[in-house]
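Chain by chain, the residues:
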Amino acid sequence: MPRILVVEDSRTQAEELRLILEPEGFVVEIARDGQEALDRLGAAPFDLVLSDVLMPGLTGYDLCRQIKAASRTKGVPVVLLTHLNDPLDVLRGLECGADNFLTKPYDPRYLLHRIHSILANAGAAGEGPAGTPLFFRGKGVSITADKAQILDLLLATVEEFIRSREREREARAAGEALAESGRRKDEFLAMLAHELRNPLAPLLTGLHVLRHGAEAAAREQALDAAERQVRHLARLVDDLLDASRINAGRMQLRRERLDLARLVRTVAEDHRPALEEAGLVLTVATPDVPVWAQGDDTRLSQAVHNLLDNATKFSEVGGQVALQVVVSEGGEEACVAVRDTGIGIEAEALPGLFDAFTQADRTLARARGGLGLGLAVVKGVIALHGGRVRAFSEGPGRGAELTFFLPMEQEPPALAVETTRRKEAPPRACGRLRVVVVEDNKDAANNLRILLEAMGHEVAVAYTGPEGVRIAGELRPSVVISDIGLPGLDGYGVAAALRRDPGTARALLIAISGYGEDADVRRGREAGFDHYLIKPAPPEDLLRLLAAV
C-alpha cells in the first residue's frame with residue numbers, strides 16, 4: 001500500500017487528511033514540522049509527501065528543497081498545501097521542486113485525484129530494455145528516451161499542467177465564492193442583531209413611561225411608538241421566515257385566478273399612508289381592464305408591498321414613487337414596476353440586488369434599516385409563479401426601477417368582471433360573548449383577557465391544553481382562542497377534543513400561533529379550527545372574527 005507522509009503543524013487539519021486518505025488504502029504517517037519529516041524520511045521510505053507551507057522552523061518550501069536535494073529522497077513526489085492564493089506562491093512552490101501545489105480549502109475528491117495521478121505517473125530510477133534510461137514509467141508502460149517519445153510526453157505534460165492549473169483556479173474560485181458567502185452571512189448576522197436591538201430601546205422606554213404614571217399624552221405617545229416597533233419586529237421575523245421557506249423549497253402557493261391590476265391598486269392604497277408619512281408622493285397607473293393571472297393573492301401582494309417598502313426606504317423627503325402595471329404587446333406577460341427618485345444604485349450592485357443578505361445601506365448608521373431580505377423574498381415569490389425580476393438604475397442619485405414579470409392568462413369570452421374589490425366589513429358591534437383563552441404564555445394570555453373584557457366579553461383563561469378542554473367543557477363558550485404549542489395537549493389536540501364534545505362542537509375555534517408554515521395552517525383546519533392567525537396577530541383581525549359570531 002502506498003505510504004504518505006503528512007507534514008502539518010495543525011493537528012485538526014492533519015487528522016482531516018488522514019480521514020480522507022486512509023479509506024482510500026493509503027498508509028498515513030504524520031509529522032508536526034519539517035525536521036520531524038526529514039527524520040521520518042531518513043528512517044523509512046515514503047511514496048509521497050503532503051506538506052503544509054507555513055510551519056514553525058522549516059517552511060514547506062525549505063522542506064521540499066531538502067527532499068529533492070537528498071539522494072535518498074530526491075524521487076519522492078512532494079505536494080504543497082497552503083491557504084495562500086497568490087500566483088507568486090505557486091511559482092515559488094514549483095521553483096523549489098514541488099510536484100503540485102494545492103490551495104486550501106480543497107475538494108477531497110480533487111486532492112485524491114491529484115495524488116493518484118502523481119503516484120501513477122511518478123518517474124522511477126532504473127533502466128529499460130537494452131540499458132536505455134527510462135524517461136517515464138507509469139500504469140505499466142515504460143517509454144524510452146528517443147526524441148519523438150520525449151516530445152510527445154512533453155506535450156502531454158504541458159497539457160496536464162494546464163489542466164491542473166485550470167482545476168486549481170476553479171477550486172480557488174469556489175473557495176473565494178464560499179468565503180464571500182460566509183462574509184455576507186457574517187455581515188447579515190451582525191445586521192440582524194442591530195435591527196432586532198433597535199426596536200427594543202423604544203419599547204423599554206415606553207414601558208418605563210407607562211409604569212411611572214406619565215401624563216395621558218405621554219402615555220398615548222409611548223403606546224403608539226410601542227405599536228410601531230412591534231409591527232416592525234413582526235415584519236423582520238416574517239422576512240426571515242419567508243426567506244427560509246423559499247430557500248428550503250417549503251413555500252406553497254394557493255393559486256387562483258386574480259386581477260393583477262386590481263391587486264396592485266389595493267396594495268398601493270394600503271401602502272399610501274406610509275409613503276405620505278415619509279414625505280413621498282405615490283402615483284399609480286394600471287390598465288382599465290382586468291389583467292388576469294394565476295397566482296397567490298397574499299404572496300403577490302407581499303411582493304408589491306416589498307417593492308414599495310424598498311422605494312420608501314431609499315427615497316428622500318419630497319421624492320416621488322410611481323407604481324405601474326403594463327401588459328406586453330402580445331398579451332403573454334404582465335409587468336409590475338416601481339420607480340422612485342431616490343438614492344439610486346451603483347452598476348456593480350445591480351446584478352445581486354435581489355439576492356439574500358444583500359443590503360444597499362452598509363454604513364455604520366444604517367439609517368435605511370432592514371435585513372436585505374425583502375427583495376430576495378420578491379425574487380423567490382415571483383420565481384414560484386413562473387416569473388422573473390429586474391433591477392435598473394442610471395446610477396447613484398438618479399433613482400431606481402424594480403420590476404417583476406408574470407405570465408398572463410387569457411380572458412374567457414363571457415367572463416363577468418367585478419369592477420370594484422369587495423371590501424371586508426368593519427367590525428360590527430356584537431353582544432357579550434363567553435370566550436375561553438388557552439395560552440401557556442401568561443403575559444400573552446392576560447393581555448388578551450384584558451382586551452376582550454374591555455370589549456365587554458366574559459373571559460376565562462387556561463394555561464395548559466388539558467385545562468383548556470376542561471374549562472371549555474364546563475363553560476360551553478361561544479369562542480375558544482387557543483395557542484398551538486401547549487403543555488399537556490397541543491392546540492390541535494384541544495381543537496379535536498372540543499369538536500368531539502357536543503357541548504363545544506359548535507363553538508368558534510380560533511388558533512393564534514407562532515407556527516406559520518402552510519402545513520401548520522392546513523393541520524389546524526383538519527383538527528377543527530375555523531380560523532388560524534399567526535402571531536403577532538393584529539387585534540383588529542381577532543375582533544373582526546368575534547364580531548361575526
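**Q** Just checking my understanding: could you explain the overall build of the chain for this structure?
**A** Across its full length, the chain carries 15 helices and 19 strands. The 549 residues of the chain split such that 41% are buried. Considering only residue pairs separated by 6 or more positions, the chain has 66% of its internal contacts joining residues 24 or more positions apart. Surface exposure of the chain reaches about 29400 Å², of which carbon and sulfur atoms provide 55%.

**Q** Teacher, can you tell me more about the packing of aromatic side chains here?
**A** The description of two aromatic rings rests on the distance between their centres and on the angle between their planes. Across all of its chains, the model carries zero aromatic pairs by this definition. Directly above the aromatic system of Phe 46 lies the positively charged group of Arg 3, at a separation of 4.5 Å from the ring centroid. Between Arg 257 and the ring centre of Trp 292, over which it is positioned, the NZ or CZ distance is 4.6 Å.

**Q** Looking at this structure, I do not really get helix α12 (residues 465-475). What am I missing?
**A** Residues spaced three or four apart along an α-helix point in a common direction, a consequence of the helix completing one turn every 3.6 residues. What α12 keeps buried is the set Gly 465, Gly 468, Ile 471 and Ala 472. Projected down its long axis, α12 shows its buried positions confined to an angular sector of 125°, all on one face. The backbone nitrogen of Glu 467 lies 3.2 Å from a side-chain oxygen of the residue at the head of α12, namely Thr 464. Where α12 ends, the next residue or the one after it, Arg 476, has phi of about 50°, a positive value.

**Q** I tried to follow the nonpolar core on my own but got confused; where do I start?
**A** The nonpolar side chains of a soluble globular protein tend to be buried with one another. Ranked by size, the top nonpolar core spans 37 residues in total, and within it Leu 260, Val 304 and Leu 323 carry the most contacts. At the level of secondary structure, the elements contributing two or more residues to this core comprise α8 (260-277), α9 (297-313), β11 (320-327), β12 (333-340), α10 (374-384) and β14 (400-407). Per-element accounting of this core gives the leading share, seven residues, to α8. Not counting residues within four places of it along the chain, the set of residues in contact with Leu 323 comprises Val 264, Ala 268, Leu 282, Thr 283, Val 284, Ala 285, Val 304, Leu 308, Val 336, Ala 337 and Val 338.

**Q** What is the right way to read the environment of Ser 10 from this model?
**A** Along the chain, the position of Ser 10 falls in the loop between β1 (3-7) and α1 (11-21). For Ser 10, a relative accessible area of 23% translates into the label partly exposed.

**Q** Quick question: what am I supposed to make of a nonpolar patch on the surface here?
**A** A surface patch of nonpolar side chains, about 360 Å² in accessible area, is lined by Leu 204, Leu 207, Leu 210 and Leu 223. Per-element tally for the nonpolar patch: the top contributor is helix α6 (residues 147-211), with three residues. Counting through the fold element by element, Leu 223 comes out in helix α7 (residues 216-248). Using a relative accessible area of 43% as the deciding quantity, one classes Leu 223 as partly exposed.

**Q** Would you explain the pattern of salt bridges in this entry?
**A** Proximity of charged atoms lets side chains of opposite charge pair with each other. As enumerated under the stated definition, the model contains 22 salt bridges in all. Note that Arg 18 is salt-bridged to Glu 15, the shortest N-O span being 3.2 Å. One end of the pair is Arg 18 and the other is Glu 15, both in helix α1 and three residues apart, which spans about a single turn. For Arg 18, a relative accessible area of 22% puts it in the partly exposed group. Residue Arg 499 pairs with Asp 530 through a salt bridge whose shortest N-O separation is 2.7 Å. Of this pair, Arg 499 sits in helix α13 (residues 491-500) while Asp 530 sits in the loop between α14 (518-527) and β19 (531-534), and the two are 31 residues apart along the sequence. In this structure Asp 530 comes out as partly exposed when scored by relative accessible area, which is 30%.

**Q** Could you clarify how one ought to interpret the packing of α1 against helix α5 (residues 108-121) in this entry?
**A** The description of two helices packed together rests on the angle between their axes and the distance between the axes. Where α1 meets α5, the axes come as close as 11 Å, and the angle between the chain directions of the two elements is 70°. Taken together, α1 and α5 sit at an angle that is classed as roughly perpendicular. Like other packed secondary-structure pairs, α1 and α5 cross with a definite hand, here right-handed. Across the interface between the two elements, Leu 17, Ile 20 and Leu 21 of α1 pack against Pro 108, Leu 111, Leu 112 and Ile 115 of α5.

**Q** Before we go on, may I ask you to explain unusual backbone geometry in this structure?
**A** Negative phi is the rule for most residues except glycine; trans is the rule for most peptide bonds. One non-glycine residue, Arg 476, lies in the positive phi region at around 50°. On the basis of relative accessibility, which here comes to 52%, the residue Arg 476 falls in the exposed class.

**Q** Any chance you could explain the packing of α13 against α14 here in plain terms?
**A** Across the interface, α13 lies against α14 with an axial gap of 8 Å and an inter-helix angle of 20°. Overall, the two elements α13 and α14 adopt an arrangement that is roughly parallel. Note that α13 runs across α14; the crossing there is right-handed. Facing α13, whose interface residues are Tyr 492, Ala 495, Ala 496 and Arg 499, α14 presents Asp 520, Arg 523, Gly 524 and Ala 527. Classifying every residue of the contact of α13 with α14 gives four nonpolar, one polar and three charged.

Rules and cut-offs
Along each chain, numbering runs from 1 in the same order as the chain's sequence is written. Only residues with pLDDT of at least 70 get local features here, since the model is predicted, and only at 80 or more are side-chain atom pairs given and counted; chain-wide, interface and lining totals rely on the full set of residues. As a convention, hydrogens and water are excluded, and side-chain values are obtained from all of the structure's heavy atoms. Comment: elements are numbered from the N terminus, with helices defined as DSSP H or I runs of at least four residues and strands as E runs of at least two. Buried means the residue's accessible area, taken with a 1.4 Å probe over protein chains only, is under 20% of the maximum for its type, while exposed means over 50%, and partly exposed covers the values in between. Contacts are assigned to residue pairs with any non-hydrogen atoms lying within 4.5 Å of each other. Surface accessibility follows the Shrake-Rupley procedure with a 1.4 Å probe radius. Residue values consider only the protein chains on display as shielding. We call Phe, Tyr and Trp rings a pair once their centres come within 6.5 Å, taking the six-membered ring for Trp, and we label the pair stacked below 30 degrees between planes, edge-to-face above 60, and tilted otherwise. As a reminder, the over-ring test applies to NZ of lysine and CZ of arginine, requiring each to be within 6 Å of the ring centre and within 35 degrees of the ring normal. Here the arc refers to the set of directions running from the helix axis out to each C-beta atom. Identification of polar contacts relies on pairs of N or O atoms within 3.5 Å, with a donor-acceptor requirement for protein atoms, meaning one able to donate a hydrogen and the other able to accept it, and with residues adjacent in sequence counted only if both atoms are side-chain atoms. Definition of nonpolar core: a set of buried residues of the types Ala, Val, Leu, Ile, Met, Phe, Trp, Tyr and Cys, connected through side-chain atoms within 4.5 Å. Exposure above 30% relative accessible area and the absence of a salt bridge qualify a residue for a patch, where like charges join within 9 Å and nonpolar side chains (Val, Leu, Ile, Met, Phe, Trp, Tyr) within 5 Å. Between Lys or Arg on one side and Asp or Glu on the other, a salt bridge is scored when a side-chain nitrogen of the former is within 4 Å of a carboxyl oxygen of the latter. Working convention: axes come from line fits to C-alpha atoms, limited for helices to the stretch in contact. Angles between N-to-C directions cover 0 to 180 degrees. If an angle is under 35 degrees, it is roughly parallel; if it is over 145, roughly antiparallel; if it lies from 65 to 115, roughly perpendicular; otherwise it is oblique. Two helices cross in a left-handed way if the nearer one is turned anticlockwise from the farther one by less than a right angle. They cross in a right-handed way if the turn is clockwise. Basically, the charged four are Asp, Glu, Lys and Arg, the nonpolar ten are Ala, Val, Leu, Ile, Met, Phe, Trp, Tyr, Cys and Pro, and anything else, Gly included, counts as polar.

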